[in-house]
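# Breakdown of the fold
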Amino acid sequence: MGDDDRETYYAKRFKDAETIVFWDVNDCGIPYGYKAVEVSNNIRLALKKMNYLGAVTIYAYGDRKQIMDNLEPTAIEKTSCDDKTSIYADGDQKSPAIVFNHTTGDRTERLELILLDMFVQAIENRSPANFMLIAGDISENSEVAFGMNRLHMAGNNTLLAQPEDEPSLETLPGDTISVWESLSIGESRRIIKRRYKPSNPDRDYTCLGGRRYYGFLLVGALVVFTFTFASRRRI
């Protein structure tokens, strides 16, 4: 499998898989003139244009004001016992448009929480899924590269969206980055990065091992993250 058809290959293979979106709303804010639920619908529309047709769940992280100040008047909020706020559109309470996690702290702390939640979701789901990270500057965050590569090797498809001029990492899976300014308004424009160059480009890393190998990779990465982030808090 060559570089030119890698993106098409994964889009076809994961066409009907669930897509779980992890959105840093501080670094990728709601565009002027748009509302929070509207942007979540635009993300879903853009994914559909990229041929990802499965169910989409969107988790947002950051300052509560980023979402609540841009919330539609008809939207309904429900806060659970773990302080996550589910936001439903216009009385539709079958599934939330956004699940919001109020996160204090800087970009590094938001990304830490996102990575932990990504791996909890992957372990709980067990079925291969699309994991999309929407974030700002991740160029100096080695944990993001480690986490996204582990998710990929455990049988998942990983997607990244960033503001157009933000620096990325050279070691992430995938060959393109979705442009946040486009994704947030329902368009699917992407930038070709050609940043992922495995030693064997013809190998499909999402086919490695089975359920046992899949679980081992995810649980191992979650333990590493938990220990690393907890240690950092004590310094």
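What you are looking at is a predicted structure, and each value in this text was computed from that prediction instead of being measured.

## Description of the overall build of the chain
Counting its regular elements, the chain contains seven helices and nine strands. Here the chain holds 235 residues, and 49% of them are scored as buried.

## Quick word on the pairing of strand 2 (residues 56-62)
The buried count for strand 2 comes to six of seven residues, which makes it a mostly enclosed element. Taken together, the six bridges between strand 1 (residues 19-24) and strand 2 define a ladder with parallel strand orientation. Bridging across to strand 2, I20 finds its partner in T57. Taken together, strand 1, helix 2 (residues 36-49) and strand 2 constitute a β-α-β crossover, and its handedness is right-handed.

## Some remarks on helix 5 (residues 142-153)
Relative to the 16 Å expected for 12 residues at 1.5 Å per residue, helix 5 spans 17 Å between its end C-alpha atoms, a close match to the ideal helical length. When we look at burial in helix 5, the residues that qualify are E143, V144, A145, G147, M148, N149, L151 and H152. For helix 5, the side-chain oxygen to backbone nitrogen distance between the N-cap and E143 is 3.2 Å, and the N-cap itself is N141. Just past helix 5, the residue G155 takes up positive phi, approximately 110°.

## Describing the side chain of S178
Residue position: S178 is located in strand 8 (residues 176-179). The exposure class of S178 is buried, given its relative accessible area of 6%. When near neighbours in sequence (up to four residues on either side) are disregarded, S178 contacts M50, M132, L160, A161, Q162, R189 and R190.

## Considerations on helix 2
Residues spaced three or four apart along an α-helix point in a common direction, a consequence of the helix completing one turn every 3.6 residues. Helix length check: helix 2 (14 residues) gives 20 Å between terminal C-alpha atoms against 20 Å at 1.5 Å per residue, within 8%. Among the residues trailing helix 2, N51 stands out with phi positive, at a value near 80°.

## Let's talk about the pattern of salt bridges
According to the stated counting rule, one finds seven salt bridges in the structure shown. Among the ionic pairs, R110 bridges to D27, the shortest N-O distance being 3.4 Å. With R110 in helix 4 (residues 107-125) and D27 in the loop between strand 1 and helix 2, this residue pair connects regions lying 83 residues apart in the sequence. A relative accessible area of 4% means that R110 is categorised as buried. Overlapping salt bridges, with partners in common, bring together D24, D27, R107 and R110 in one network.

## Section: the confidence of the model for the chain
Of the residues in the chain, 74% have a pLDDT of 70 or more, and the chain-wide mean is 80. Contacts of residues 194-213 to residues separated by more than four positions or lying in other chains number 51 contacts, the stretch itself having pLDDT below 50.

## As for the nonpolar core
Formed by 34 residues in total, the largest nonpolar core has its most connected members in W23, I43, I67 and I134. Broken down by element, the residue count for this core peaks at six residues, all from helix 2. Those residues within four positions of I134 in sequence are excluded, and the remaining contacts are V21, F22, W23, D24, C28, I43, A161, W180 and L183. Counting 24 residues, the second largest nonpolar core, distinct from the first, contains Y59, F119, L169 and L172.

What counts, and at which threshold
Residues numbered from 1 in each chain as written. Predicted model: local features only at pLDDT ≥ 70, side-chain atom pairs only at ≥ 80, totals over all residues. Heavy atoms only, no water. Helix = DSSP H or I, 4+ residues; strand = E, 2+ residues; numbered from the N terminus. Buried < 20%, exposed > 50% of the residue type's maximum accessible area, 1.4 Å probe, protein only. Pairing = 2+ DSSP bridges. Right-handed = clockwise from strand over helix to strand, strands pointing away. Expected span 1.5 Å × (residues − 1). Polar contact = N/O pair within 3.5 Å; in protein donor to acceptor, adjacent residues only side chain to side chain. Contact = heavy atoms within 4.5 Å. Salt bridge = Lys/Arg side-chain N within 4 Å of Asp/Glu carboxyl O. pLDDT = per-residue confidence, 0-100. Core = buried A, V, L, I, M, F, W, Y, C linked by side-chain atoms within 4.5 Å.

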